[in-house]
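Structure assessment
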Amino acid sequence: MTRQCQLSLVLVALVAACGGGADDSETAATADTMAAGPLSVADTLTRARAADGRYISWKEHIIDDEATGGVAIAGSDGLSIGDLDQDGFMDIVSVHESDTTYDGVADGHVRIAFGSADPDVWELTTLGEGKEVGAAEDVAIADMNGDGYLDIVVACELAHLIYFQNPGPDARTARWERVIPSVTLNRGSFIRVWTADFDGDGRPEVVTPNKGAQNPARGTTETNAISYFTLPADPLDGDGWVEHELTRVVIPINSQPIDLDGDGDLDVMAGSRGEARVFWFENTSDGAITFDEHRIEITGGGDLPPRVTGFNFDFADLNGDGRLDVALRDGRNGVVWLAQPEDPAAPWTRHVIGDMPPEVLVGFALADIDGDGDADLVAGAYSQGDRAQDSETGPEAAGGRLAWFENPGDATASWPRHDFSRRARGMFDKFIPRDMDGDGDVDFIGTRGNSVPYDGVFWLEQVRTDAPVASFEQARAVESLQRPLP
């Protein structure tokens, strides 16, 4: 049965239920539809509406996957964007750990999608693969050698950082020289990477957490470093990278630069998976780079005590007090936001945004989706289970879901959830908001893993219509099974 037929039958059922006078054939068709079970999340008519009154649905576009690019990418994770070749169009750098079983084999891919005037036309190339990008997990972009072109640094879970230097005008065709900084070689498991100019000298530093191993032992008490690295004048001098430890914690999992206190320089928001806590480093640099560490105590919100690690963060002033607040995953209460206090020593107040059980919510991003002037939140979930097999399990099992949470205006109130896709497999690690098609509303670029052969890079087009339509239009005719809500 086609999607259009399914939706038509649902509408017939609604008319009949309201006394619309359906004839016998319509009644029989409605009975057949009800016997077939509920519609999938994707096929359900959207109820989400924009500030202009139109209905919001989503259309998927594939940027890079095995079928599109001809490269067997898997385990797609980190993502970053920038104009690498200075042609005026955005390019996308993505990393794919290519490890479907966490077997400790150093494999991976770093891919570039060079953009064009058409958001559905990309020139795809492999920047690095195999051992040199072993289990590539995250990527950052910045001009690191001062030549005006954006360079790339990648964090690998097995087991180093690697720097790629932009060759300049021939970025699409020339080889990118690369180096593994010796101070990072065989150093454990780098899980995130960011660039930031901490001392305001015009040259970026690289900041990263090292969790110690791709799969740290459960209950480990071993500590590992969150560090920043200062770079030599020529970053290709692999012996010239100098490590500076910010702290050591059990399974460090993030270290994101952000001007948290609004004083004009970049601080660092960080998290520890092993200690189930988040904390931040206040930039106190005056010439030399210095930081003061602040604990974050959490109070209020939710039915259970918080369990936070900081695997993902996003930031916005959600309560309008002029201070940045932080959204993050709370393992007991879904996605929450913490209101930053005026006094850095005071507790941060927790407010629940939402969850989507039985899925495990992973990636998210704040953006004004409905155009009403406040920050909503898009989120993706993790199907868990066998990373390399699209098993057709029942609807109660965790799947790969996509949804967005609508900011109610008062961000301390309940955020309505709008589900728009729930496939059997998927893990959505990263979202970047951007108006891809230039129509004035926000779309999202994202990565999808845990769903071979559908892993890769995609973008979600926000579609606005005068009447309700199906919530989601997937890009592939053959896909992981779309499911209803459990």
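Residues numbered from 1 in each chain as written. Predicted model: local features only at pLDDT ≥ 70, side-chain atom pairs only at ≥ 80, totals over all residues. Heavy atoms only, no water.

Moving on: the packing of aromatic side chains. Counting across every chain of the model gives eleven aromatic pairs. Considering the side-chain rings of Phe420 and Phe472, the 6.0 Å spacing of their centres and the 45° angle between planes classify their relative orientation as tilted. Of the two residues, Phe420 sits in strand β26 (residues 417–423) while Phe472 sits in strand β30 (residues 472–473), which places them 52 residues apart along the sequence. Here the aromatic rings of Phe431 and Phe444 are separated by 6.5 Å at their centres, their planes lie at 85°, and the arrangement is edge-to-face. One end of the pair, Phe431, is in strand β27 (residues 427–434); the other, Phe444, is in strand β28 (residues 443–449), with 13 residues separating them in the sequence. In this structure, Phe431 and Phe444 share a single accessibility class: buried. Counting every residue linked through ring pairs, the aromatic cluster contains Trp58, Phe420, Phe431, Phe444 and Phe472. A cation sits over an aromatic face here: Arg192 above Phe311, 4.2 Å from the ring centre. (Phe/Tyr/Trp six-rings, centres within 6.5 Å; stacked < 30°, edge-to-face > 60°. Helix = DSSP H or I, 4+ residues; strand = E, 2+ residues; numbered from the N terminus. Buried < 20%, exposed > 50% of the residue type's maximum accessible area, 1.4 Å probe, protein only. Lys NZ or Arg CZ within 6 Å of the ring centre and 35° of its normal.)

Below, the discussion takes up the pattern of salt bridges. Evaluation of the coordinates by the stated rule reveals 28 salt bridges. Across the salt bridge formed by Arg187 and Glu243, the nearest N and O atoms sit 2.9 Å from each other. In this pair, Arg187 sits in the loop between β9 (177–179) and β10 (194–196) while Glu243 sits in strand β13 (residues 242–250), placing the two residues 56 residues apart along the sequence. A relative accessible area of 30% places Arg187 in the partly exposed class. What makes Glu243 partly exposed here is its relative accessible area of 21%. Across the pair Asp330 and Arg350 runs a salt bridge whose closest N-O atoms are separated by 2.7 Å. With Asp330 in strand β20 (residues 325–330) and Arg350 in strand β22 (residues 348–354), the pair connects residues that are 20 residues apart, well separated along the chain. An identical accessibility class is assigned to Asp330 and Arg350; each is buried. Where salt bridges share partners, they join Glu60, Asp65, Arg423, Arg448, Arg476 and Glu479 into one cluster. (Salt bridge = Lys/Arg side-chain N within 4 Å of Asp/Glu carboxyl O.)

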